[in-house]
Structures are given as C-alpha cells and as structure tokens.
Amino acid sequence: MSTASATTVADVLVVGAGPGGLATALSAARHGARVLVVDRRPGTSGLPRATGVNVRTMEILRTWGVARDVRARRIDVVPEAASGATLAEPPRSSGRVGGYPSLREILDVSPALPLACPQDLLEPVLVDAVREAGGEIRFSTSLVDLRVLPDGVSARLHSGHDLGTGARVHARYVVGADGTRSTVRTALGIGTRHLGTWAHAVQVLFRPDAPLLPGLPRVLTFVEEPHPAALCPMGVGRWTYVRLAFDGAPPAIPDDWTPTLRAATGRSDLAPEVLDVQRFTLAAEVATTFRAGPGFLVGDAAHRTTPVGGIGLNTAVHDGHELGWKLAWAARGLAGEELLASHDAERGPVGLEAAARSLDVEGRPTDGLASSLGHTHRSAVIAGSTAAPDLRIDLAARPGERAPHTWVRHDGRQRSILDLFDGGLTLLTGADGEPWARAATVVTGVPLRVLVEGRDVHGRGLGPRYGLRAGSAVLVRPDGRVAWRHDGACADRAAALTAAVATALGHRSVAAALAG
C-alpha cells in the first residue's frame, strides 16, 4: 500500500467490513492484491445478526485456514425448528431446519460440517485473517465520494481523525459491501429490483438471568405466547425474541419487555437483561447488475434477503470468495476483462435465486446441500457454457460446477482434494496424465499446477468423482470451480490446454495466456 503522497494507492478498495466485504478482501489479499477495507462502524458487528454457516462456507473457511477458529466460537444447538405455546413447554411439532441434511449425507460430499456462529463472533476471525494476509482495515471511516476514472476509481474517505477534506484513495477496483443502502451501488449508478416484502419485525436481544432450557436448545422455536413469535439462541448466554407482523404495520414496542419475554419463554420469574431492540423489514431485492466498470457488488449491496433459511451471510461469503481472486489476478496482469465480467454472469443468478428463496417461508426442495453446493455457473470464462440446469449434486465435475470433494493422499498427508485448489489453477488428470503434465509446461506466466492421479495424488474416489477416464483432464479455478474438462484423445494437448487457460482467465487470445 503506497502512502508516499496524500493519496493511498490500492488494487482493491472494499467498502464494508461485514462477511461479504471481509471475504472479498481476504480472497484478494491471499492472491497478492493490495487491499484496503473501510467501514464507518467503530469495529466489527456488535450484534449477532446471522448465525447459520453452511457447508460451502465452512469449506471456504477451511481453505483459508480459519475453520478451527470459527468452530471454537460456534453455538451448540440442535438443527431443528419446533413450535409450541412457549419455549419451556414440550413442542407440538419439530423437524430439521430448511432441509438440513444428515451427517452421513454431508460427509459423503464434503470435508466440512455446517455450524451456528453469530456474526459478531465470526467477523473478528475474518478481520484477523485479512490483516495477516497483508490487507489493511480502517474502521470509523466512511466513503464520502467515489468517482470512476479511466484507470480505476478515486475515493474520498472521512474518519474521526480527519482534520481537512479527508483521505483520498486511488484503486484499480472498488467493491461495494456496504449493505442494502449501499453508497457504492448508488455512486456506480446501479439500480435495484424489489422482489417482495414478507413481514415487518421487531427483534429483542436479551440475556436471561439463568439458562432457559436444561439441554441443548433448538436453533429456532416458534411460540404463541403472548403473541406469535420466534426464539433463537445467539451464543454467550444470549437469545433473540422476534415478533412478526404481516398487516403492513410494524409490531408495537412496549416500555417493558419483561412480561412479553416471560410469557414467551414460559419462565414466570425471568429477569431478562435487554441488550438491544431493533425494528426491521423482511424483504428481498437484487441489484440490476453486480458490476459496473471498475465497481463490483457483494452481499446485501447485491442481493438483499430475508433471514429465512440463513441464506444472506453464506451467499455474501461465497460472493467474496469468488470475486476476490479475480480482482487480484486482474490487478496482477494475469487475467483479462472477461474474467471480471464473469462476476455478474456467475453470481447474479445465485444472488437472485437466494433472494427469491428467502421469501419462500415453506422452504423449497433445493434447500440443504443442493442450495449450498449445487449451483452451476455459466459465463464466458466457463468452457462449454449453456443454459444453467437445476441445482444438483451428482459429483460429475462438469464445467461450471463446484469441484467434488474426495479424500486423497498428497505429500504424505490425507487431505480433501478441495484443500489443494487455492492459490492457482489446477489441472487434474487420470493415471495416464503424463502427456497433459508435459503440455502444461507450455503455459507460462500464470500459477498452474498439475496433479496426476497415482503420481501426485492418491485416492480410490478420485477417478469416480471426477469422471477420470483415458485422456481426461479437468481444469479447476482457485475458487474450486471447474473451468474446463477434456475427455478422450487429443491431437494437440498443449494447444488445447493453452486455449482452456486463456478462456478461464478471460483473455481474448491464446497468446495472452502464453505470455501471462
């Protein structure tokens, strides 16, 4: 980060230090970009907000080396939703949340298990990781002005330490991760499309004076007393009480919440400490595009979701994971315009689907593993792109799909194959892959590693999971997305692979890929 003049120079300016912004910053910094994150808040979130961390998010956190730290901050809950008169009374009904899969189903397709971790406990882990990767984070710093220039953006910032007109930043790219009322989105001239409003709500964060239940709580309990509402554990002794209103008017806020919380919990002697009370609207909307010139959107700035299904935080992290490396590679001269354009083409349909699904209170059949792992990307940098299919997990390693998990031995260690993709492009071949390995030596200037089955990686599930047959080769991006595959005979492997790399990195010519 250059500070030789009054203007800070960065490759990527991220506005907003929530999960989406921090994920973008961490992905970009790990891939060599100079990253500056600014946030108007004095620090990370002081409220638990979202809690559900799904399978794909945990895979990403595992790749970044922070999954253990996040697990240490998890809430121990039963992944069920129940309903009854009060929290204390035996529920009249209960069931697994949102298609939550069994442990056997998860471990068959992933090395990671989902968990509940409140956002205020998750964000500090990501902040530390961004800083350890070389990124800079400035809290208590607001974006005042943003202008698009021929070579990037110019931003004016204001913090409590500014005595004059504010600090200035010149960046190649700017990422709006600044929420539903995104300043970056407005400055870029990007509009939004409203999908619907489900309800208005009031949420009370409170700490009871004693445990509310003798054992592990369910992740969600609907109660009828004194009004229809929901109770959710939030870790470190906290709970939330959420009351919804569907008649267009927000629920009333009483002067004293104690009678309401006593009735809802079934604890007539409860002495709650009310920590926070907030009104909010459960609505969904999406940006009309996720990219405009050097500006990009992630998280709530790109797609606003309701809390239903715990979709928002996870989709935001996935946005950042897939965008960050693209920005870093483009800033380093390794990638072209088509790779940047792929952000809207690839994340746009996912964001729209997530926002629309969050309005579906009954839950769609695509909930669970399919909605976490089964999206297929279609864009100009995915070879053989066609119309996107329904969400599915059939472990075929087709272009656009998440590369399948399987356990392998690599460098004497048992690892998930997913752990080997971060950092560069990976060419995975069958046992007859030596010709592909020789062809890969022609591709210079970009990080490309070759993993030949039986030589570099060993595992019985590798061939079946990746459909490795005679002559097969699978090219995987740093975000674990399959970019290209070839099966069968090939007259010129070097030409085929070079063309595949050129496409995957958004170069308009094969010569650009060769030159890096």
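For the structure, see preceding data.
Keep in mind that this is a model prediction, so the values were computed, not measured. (Residues numbered from 1 in each chain as written. Predicted model: local features only at pLDDT ≥ 70, side-chain atom pairs only at ≥ 80, totals over all residues. Heavy atoms only, no water.)

## Digging into the side chain of Thr-315
Checked against the element boundaries, Thr-315 lands in helix H8 (residues 312-331). Discounting residues that sit within four places of it in the chain, Thr-315 has contacts with His-303, Arg-347, Val-350 and Ala-354. (Helix = DSSP H or I, 4+ residues; strand = E, 2+ residues; numbered from the N terminus. Contact = heavy atoms within 4.5 Å.)

## Quick look at the packing of aromatic side chains
Inspection of the entire model under this criterion finds five aromatic pairs. The ring of Trp-436 has Arg-493 lying over it, and the distance from NZ or CZ to the ring centre is 5.4 Å. (Phe/Tyr/Trp six-rings, centres within 6.5 Å; stacked < 30°, edge-to-face > 60°. Lys NZ or Arg CZ within 6 Å of the ring centre and 35° of its normal.)

## What to know about the nonpolar core
If you look at the biggest cluster of nonpolar residues, it comprises 69 residues, and the most contacted ones within it are Val-35, Leu-61, Trp-64 and Leu-475. Per-element accounting of this core gives the leading share, nine residues, to H8. (Core = buried A, V, L, I, M, F, W, Y, C linked by side-chain atoms within 4.5 Å. Buried < 20%, exposed > 50% of the residue type's maximum accessible area, 1.4 Å probe, protein only.)

## Regarding empty space enclosed by the protein
Evaluated as defined, the whole model comprises three cavities of 30 Å³ or more. Roughly 120 Å³ of volume is contained in the largest cavity. Lining the largest cavity we find 16 residues, and of these Arg-56, Glu-59, Thr-63, Leu-418 and Gly-480 sit closest to its centre. Counting residues per element, the lining of the largest cavity draws most heavily on helix H2 (residues 55-63), at five residues. For the lining of the largest cavity, the class distribution of residues is six nonpolar, three polar and seven charged. (1 Å grid on protein atoms, 1.4 Å probe; cavity = no way out; pocket = protein on both sides within 12 Å on 5 of 7 lines; lining within 4 Å. Points joined across faces, edges and corners; volume = space filled by probe spheres on them. Nonpolar A, V, L, I, M, F, W, Y, C, P; charged D, E, K, R; others polar.)

## Structural notes on the side chain of Asp-479
Structurally, Asp-479 is set in the loop between strand E23 (473-476) and strand E24 (482-486). Taking the relative accessible area as the measure of exposure, Asp-479 reaches 2% and is therefore buried. A distance of 3.0 Å separates polar atoms of two side chains, one belonging to Asp-479 and the other to Trp-325. In this structure the side chain of Asp-479 is engaged in a polar contact, spanning 2.9 Å, whose partner is the side chain of Arg-477. (Polar contact = N/O pair within 3.5 Å; in protein donor to acceptor, adjacent residues only side chain to side chain.)

## Quick look at helix H1 (residues 19-30)
The terminal C-alpha atoms of H1, which comprises 12 residues, lie 16 Å apart, in line with the 16 Å expected from a rise of 1.5 Å per residue. Of all 12 residues that make up H1, 11 are buried, and the element is covered over most of its length. The complete set of buried residues in H1 reads Pro-19, Gly-20, Gly-21, Leu-22, Ala-23, Thr-24, Ala-25, Leu-26, Ser-27, Ala-28 and Ala-29. Residues of H1 that are buried make contact with strand E1 (7-15), strand E2 (35-38), helix H5 (119-132), strand E7 (136-138), strand E10 (167-176) and H8. Once H1 finishes, Gly-32 follows within two positions and takes phi at roughly 95 degrees, a positive value. (Expected span 1.5 Å × (residues − 1).)

## So, the sheet that holds strand E4 (residues 78-84)
Spatial ordering of the open sheet is given by E5-E4-E12-E13-E14-E11-E15-E18, a layout of eight strands whose pairing is mixed. Of all the strands in the sheet, just strand E5 (93-96) and strand E18 (303-304) have a single pairing partner and so form its edges. (Pairing = 2+ DSSP bridges.)

## Overview of the pattern of salt bridges
Under the definition given, this model contains 30 salt bridges. A salt bridge links Arg-267 to Asp-209, with the shortest nitrogen-to-oxygen separation between them at 3.3 Å. Of the two residues, Arg-267 is situated in the loop between helix H7 (258-265) and strand E15 (273-287) and Asp-209 in the loop between strand E11 (192-207) and strand E12 (218-223); the sequence distance between them amounts to 58 residues. Exposure remark for Asp-209: the relative accessible area of 47% places this residue in the partly exposed category. The closest approach of N and O atoms between Glu-337 and Arg-291, which form a salt bridge, is 2.7 Å. Placement of Glu-337 in helix H9 (residues 337-357) and of Arg-291 in strand E16 (residues 291-292) is noted, with a sequence separation of 46 residues between them. Residue classification places Glu-337 among the partly exposed residues on the basis of a relative accessible area of 38%. Bridged by salt links that share partners, the residues Asp-319, Glu-322, Arg-347 and Arg-481 form one connected network. (Salt bridge = Lys/Arg side-chain N within 4 Å of Asp/Glu carboxyl O.)

## A closer look at the packing of H1 against H8
For the pair H1 and H8, the least separation of the axes is 7 Å and the interaxial angle reads 30 degrees. Viewed along their axes, H1 and H8 adopt a mutual orientation that is roughly parallel. Seen from above, H1 lies across H8 with right-handed handedness. In this structure, H1 uses Pro-19, Gly-20, Ala-23, Thr-24, Ser-27 and Ala-28 to contact H8, whose residues at the interface are Leu-313, Ala-316, Val-317, Gly-320, His-321, Leu-323, Gly-324, Trp-325, Leu-327 and Ala-328. Of the residues that constitute the contact of H1 with H8, the class distribution is 10 nonpolar, six polar and no charged. (Axes fitted to C-alpha atoms, helices over the stretch in contact; angles between N-to-C directions. Parallel < 35°, antiparallel > 145°, perpendicular 65-115°, else oblique. Left-handed = near helix turned anticlockwise from the far one by under 90°.)

## Quick look at the packing of H2 against H8
The geometry of H2 relative to H8 is characterised by a closest axis approach of 9 Å and an angle of 40 degrees between their N-to-C directions. If you check the angle between H2 and H8, you find them oblique. Crossing angle aside, the handedness with which H2 passes H8 is left-handed. When H2 is examined against H8, the residues Arg-56, Thr-57 and Ile-60 are found in contact with a partner set consisting of Asn-314, Val-317, His-318 and His-321. Of the residues in the contact of H2 with H8, the class split is two nonpolar, four polar and one charged.

## Brief notes about the pairing of strand E9 (residues 152-159)
In terms of residue burial, E9 counts as a mostly covered element, since six of its eight residues are buried. Two strands pair when backbone bridges link them, and strand E8 (residues 141-149) and E9 are joined in this way by eight bridges, in the antiparallel orientation. Residue Leu-149 lies in a different strand from E9, and its bridge partner there is Gly-152. Relative to E10, E9 runs antiparallel, the two being bridged by five bridges.

## Considering the sheet that holds strand E21 (residues 425-429)
Read across the sheet, four strands follow the order E22-E21-E23-E24 without closing on themselves; strand pairing throughout is mixed. Of all strands in the sheet, those with a lone pairing partner are strand E22 (448-452) and E24, marking the two edges. Strand-to-strand twist across the sheet, computed as the mean angle between neighbouring axes with direction ignored, equals 15 degrees. Here five bridges tie E21 to E22, and the two strands are oriented parallel to one another. By the bridge assignment, Leu-427 is partnered in E22 with Val-450. Docked against the sheet, helix H13 (residues 493-504) engages E21, E22, E23 and E24, running at close to 160 degrees with respect to E24.

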